[in-house]
Amino acid sequence: MDHLVLTIIAADKPGVVERIAHTIATHGGSWQESRMAHMAGQFAGILRVSVPAENRQHLINALEDLSTHGIRVLVGEGSSGQAATSKSIVMTLVGNDRSGIVREITALLSRQGVNLESLSTDVRPAPMSGDPLFTAEALLQVPSTLSLDTLQASLETLADDLMVELHNEE
């Protein structure tokens, strides 16, 4: 079995996911995992599929042909597994929103050798003041040699108001 990672974007309307799922199933593929979202009138998704090696190119061609239905698919090669020298950590952050906050956080993580596996962010009015409040939740692969206390202290240096919580994925 080959594994493919698909990135999909299309105008959000009923039937988009069904058309993708039908294409995968028609070519003997199996939908393994996915993350999908509606944002600003667009549907965006990333998914991993497995497909018999002999059907791989036919599936890729069929997915690319979905562009005639307004569905853009970018196909990437899947890889197996993560390094055994890391640990899965869930990170939650809350702080006042400001320009560049995501860049600062991701740059610090990169410098520490931390791999960002998933990230979800939002900006909402703070309950009492109404000021914009940045929130983030991420799944990280942290090198086994990096202590969580060190990582948390590093992240908290980005801003006085930044609250950081790190815990093992359960």
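Residues numbered from 1 in each chain as written. Predicted model: local features only at pLDDT ≥ 70, side-chain atom pairs only at ≥ 80, totals over all residues. Heavy atoms only, no water.

- Named according to an unreviewed UniProt entry, the protein is Glycine cleavage system transcriptional repressor originating from Pseudomonas palleroniana.
- Per its UniProt entry, the protein bears the Subcellular location (unreviewed entry) comment "Cytoplasm". (UniProt positions renumbered as here; feature names shortened; annotations may be inferred.)

**Some remarks on the sheet that holds strand S8 (residues 163–168)**
Piece 1. As summarised here, the arrangement of the four strands in space is S6-S7-S5-S8, forming an open sheet in which the pairing is antiparallel. Bordering the open sheet on either side are strand S6 (115–125) and S8, each of which pairs with just one other strand. If you compare each strand with its neighbour and ignore which way they point, the axes differ by 15° on average.
Piece 2. As paired strands, S6 and strand S7 (residues 132–143) are joined by ten bridges and run antiparallel to one another. From the neighbouring strand, Ser-118 faces S7, where its bridge partner is Leu-139.
Piece 3. With respect to the sheet, helix H4 (residues 148–156) is in contact with strand S5 (86–96), S7 and S8, its orientation differing from that of S8 by roughly 160°. (Pairing = 2+ DSSP bridges. Helix = DSSP H or I, 4+ residues; strand = E, 2+ residues; numbered from the N terminus. Axes fitted to C-alpha atoms, helices over the stretch in contact; angles between N-to-C directions. Contact = heavy atoms within 4.5 Å.)

**Considerations on empty space enclosed by the protein**
Piece 1. With the rule as written, the count across this model stands at one cavity of 30 Å³ or more.
Piece 2. Approximately 40 Å³ is the volume attributed to the largest cavity.
Piece 3. Along its surface, the largest cavity is lined by Leu-93, Val-102, Ile-105, Thr-106, Leu-109, Leu-116, Leu-119, Thr-121, Phe-134 and Ala-136.
Piece 4. Elements supplying a minimum of two residues to the lining of the largest cavity: helix H3 (101–111), S6 and S7.
Piece 5. Take the lining of the largest cavity: its biggest share by element is four residues, from H3.
Piece 6. Of the residues assigned to the lining of the largest cavity, the class counts are eight nonpolar, two polar and no charged. (1 Å grid on protein atoms, 1.4 Å probe; cavity = no way out; pocket = protein on both sides within 12 Å on 5 of 7 lines; lining within 4 Å. Points joined across faces, edges and corners; volume = space filled by probe spheres on them. Nonpolar A, V, L, I, M, F, W, Y, C, P; charged D, E, K, R; others polar.)

**Observations concerning the packing of H3 against H4**
Piece 1. For the pair H3 and H4, interaxial distance at closest approach is 10 Å and the crossing angle is 150°. As H3 packs across H4, the resulting crossing turns out to be right-handed. Contacts between H3 and H4 involve Ile-105, Leu-108 and Leu-109 on the former and, on the latter, Leu-151, Ser-154 and Leu-155.
Piece 2. Taken together, the residues of the contact of H3 with H4 break down into five nonpolar, one polar and no charged. (Left-handed = near helix turned anticlockwise from the far one by under 90°.)

**Re the sheet that holds strand S2 (residues 30–39)**
Piece 1. The four strands are arranged S2-S3-S1-S4 in an open sheet whose pairing can be described as antiparallel. Two strands in the sheet have a free side with no partner beyond their single neighbour: S2 and strand S4 (71–77). Taken pair by pair, the neighbouring strands of this sheet meet at an average axis angle of 15°, ignoring direction.
Piece 2. Sheet topology note: the strand S1 (residues 2–11)/S4 ladder contains seven bridges and is antiparallel. Looking at the pairing, Ile-9 lines up with Arg-72 of S4.
Piece 3. In the packing of helix H1 (residues 16–26) onto the sheet, the strands contacted are S1, S2, strand S3 (42–51) and S4, and the crossing angle to S2 comes to about 160°.

**Remarks on the environment of Leu-59**
Piece 1. Residue position: Leu-59 is located in helix H2 (residues 56–65).
Piece 2. On the basis of relative accessibility, which here comes to 0%, the residue Leu-59 falls in the buried class.
Piece 3. Separated by 31 residues in sequence, Leu-59 and Gly-28 place their C-alpha atoms 8.4 Å apart. (Buried < 20%, exposed > 50% of the residue type's maximum accessible area, 1.4 Å probe, protein only.)

**Here we look at the pattern of salt bridges**
For side chains bearing opposite charge, pairing can occur when the charged atoms are close.
Piece 1. Across all of its chains, the model carries six salt bridges by this definition.
Piece 2. Connected through salt bridges with shared partners, the residues Asp-2, Arg-56 and Glu-77 form a single ionic network. (Salt bridge = Lys/Arg side-chain N within 4 Å of Asp/Glu carboxyl O.)

**Quick look at the UniProt feature "domain: ACT" (unreviewed entry) in the protein**
Piece 1. On the UniProt side, "domain: ACT" (unreviewed entry) is annotated at positions that read residues 5–81 and 90–169 here.
Piece 2. Within the segment residues 90–169, helix and strand shares are 25% and 45% respectively, and the terminal C-alpha atoms sit 6 Å apart.

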